[in-house]
Amino acid sequence: MSDTEDYCAAVIIALATDEQRPVVKRKRKTKEEWIRRRGPRREPLVVEHKILSAMDYKTYLRMGADSFSELLELVTPMIVKQDTLLREAIAPERRLMATLRYLVTGVSFEQLKHPTGIASQTLGKIVEETCDAIVHVLKGLIKTPASEEEWKDVAVAFERRWNFPHCIGAIDGKHILIRKPPGSGSYYINYQKSFSVVLMAVVNADYEFIWIDVGTNGKVSDSGAFSKTEFYRRLVNNELKIPQPDKLLKSEMNQPYAFVGDEAFPLLDNLMIPFSRDYMSKEEAIFNYRLRRARRMAKNTFAILASRYRILSREICLIPEKANLIVLACTHLHNFLRKKKDELYNEGGYEVEDTTTGKIINADWKSEPSLLPLQHIACLSVPESSQQVRLNLLHYFNSEQGSVPWQDRLFE
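Keep in mind that this is a model prediction, so the values were computed, not measured. (Residues numbered from 1 in each chain as written. Predicted model: local features only at pLDDT ≥ 70, side-chain atom pairs only at ≥ 80, totals over all residues. Heavy atoms only, no water.)

A. Local environment of the state of the cysteines. Scanning the entire structure with this criterion turns up zero disulfides. No disulfide involves Cys131; its nearest neighbouring cysteine sulfur is the one of Cys330, lying 6.9 Å away. (Disulfide = S-S within 2.5 Å.)

B. Layout of unusual backbone geometry. A positive phi angle is found at His166, which is not glycine, with a value near 60°. By relative accessible area, His166 is classed as buried at 7%. A positive phi is found at Lys241, a non-glycine position, where the angle reads about 60°. Summarising the element assignment, Lys241 is placed in the loop between α11 (230-236) and β4 (246-247). Classification of Lys241 as exposed rests on a relative accessible area of 53%. (Buried < 20%, exposed > 50% of the residue type's maximum accessible area, 1.4 Å probe, protein only. Helix = DSSP H or I, 4+ residues; strand = E, 2+ residues; numbered from the N terminus.)

C. Structural detail: the environment of Asp269. Inspection of the secondary structure puts Asp269 in the loop between β6 (258-260) and β7 (271-272). Exposure remark for Asp269: the relative accessible area of 28% places this residue in the partly exposed category. With 33 residues separating them along the chain, Asp269 and Val236 place their C-alpha atoms 9.6 Å apart. Excluding residues that lie within four positions of it along the chain, Asp269 makes contacts with Pro256, Tyr257, Ala258, Ser385, Ser386 and Val389. Here the side chain of Asp269 touches Ser385 through a polar contact of 3.0 Å, side chain to side chain. There is a polar contact of 2.7 Å between the side chain of Asp269 and the side chain of Ser386. (Contact = heavy atoms within 4.5 Å. Polar contact = N/O pair within 3.5 Å; in protein donor to acceptor, adjacent residues only side chain to side chain.)

D. The nonpolar core, seen in detail. By size, the foremost hydrophobic cluster in this structure holds 110 residues, and its most contacted members are Tyr102, Tyr309 and Ile326. Once you skip the residues sitting within four places of it in the chain, Ile326 turns out to touch Tyr102, Leu103, Val127, Cys131, Ile311, Ile316 and Leu318. (Core = buried A, V, L, I, M, F, W, Y, C linked by side-chain atoms within 4.5 Å.)

E. Here's a closer look at the packing of helix α12 (residues 282-308) against helix α13 (residues 320-339). Axis separation between α12 and α13 bottoms out at 10 Å; the angle between their running directions is 110°. With respect to their mutual orientation, α12 and α13 come out roughly perpendicular. Between α12, through Thr301, Ile304 and Leu305, and α13, the contact on the second element is made entirely by Cys330, Thr331 and His334. Of the residues assigned to the contact of α12 with α13, the class counts are three nonpolar, three polar and no charged. (Axes fitted to C-alpha atoms, helices over the stretch in contact; angles between N-to-C directions. Parallel < 35°, antiparallel > 145°, perpendicular 65-115°, else oblique. Nonpolar A, V, L, I, M, F, W, Y, C, P; charged D, E, K, R; others polar.)

Here it is, written out as structure tokens:
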């Protein structure tokens, strides 16, 4: 037999042998086998720290264990996911912890993936879904008064705590920095040449938001952002059910109920702003001092918010719609923790005034980065009726009936 014939015979024998070999069907691995191959699961760092000490809640989540448990119970139905054949779903507890950690620190998703044990792309989806759930379940905690009686309750608290009668809220606004959206040009650029959306809010005498609006482009001023809101439209059209003018304490003077703001806002019958600081008389300085004590509620509330949720004092690297959702979640969480009187959230967060000297004892947020204030633009047209309302308050604050014992000492 030739070499060629020998080779052909060998090939035929090999093929025949291969055909006789039994086919082994691969068994599909079960979920348990896949999980076992992945090795033991390591708990993320935030869970480990929870076990170490309850005080770690303050450092990592800015709330107490009871508040976290209550919030988790509220949002779980909206964020829980089903396990799949190959992978266990991320538990609601880890989702909420990761979201709160993102809001508290302001770090990027890439930085957050290590302590949470969750991929950065997944974190982006989790944070958005969880913030949406937080806003949904806590939406009833930011409530604008809907009747004269509710507005009067706000006014009573301002007069009792801050000696400003007929005040129904302190109003202010801040820039929230965002990354420039593609194709937006200069639409979101503010006076500091950064990009931002505007958070406008009204605050009561207990450091709580009673109205918020977020999303106006950063190019506007205080008054410009305010005039674009539904709240402003209802205010000027007398649709907010603000009480009718009433007598001031120990006086026969009828005075409208009003919000207090800074010099950028328009002076209206229902919105008081300070006198110009140029060539101020002592009486005007006293009026400004009394108004500033009430308006400090808005300033302090924004400062507390930014010091607890540092994402607000950094550039939010998300599109404006998602950045707005982040801001809404932070403001709703603020009211949630204020109403629960959560000690770990509220501890050290308040300025204290020494009325003998007028000196302010700083709160713990004084050393924190502050939110960018809105640019002040003077209002050139002021209604005469509004000027008269402000003059009436000036006379009242400088009268025996409306003065406070320490005010004269501050301006001697």
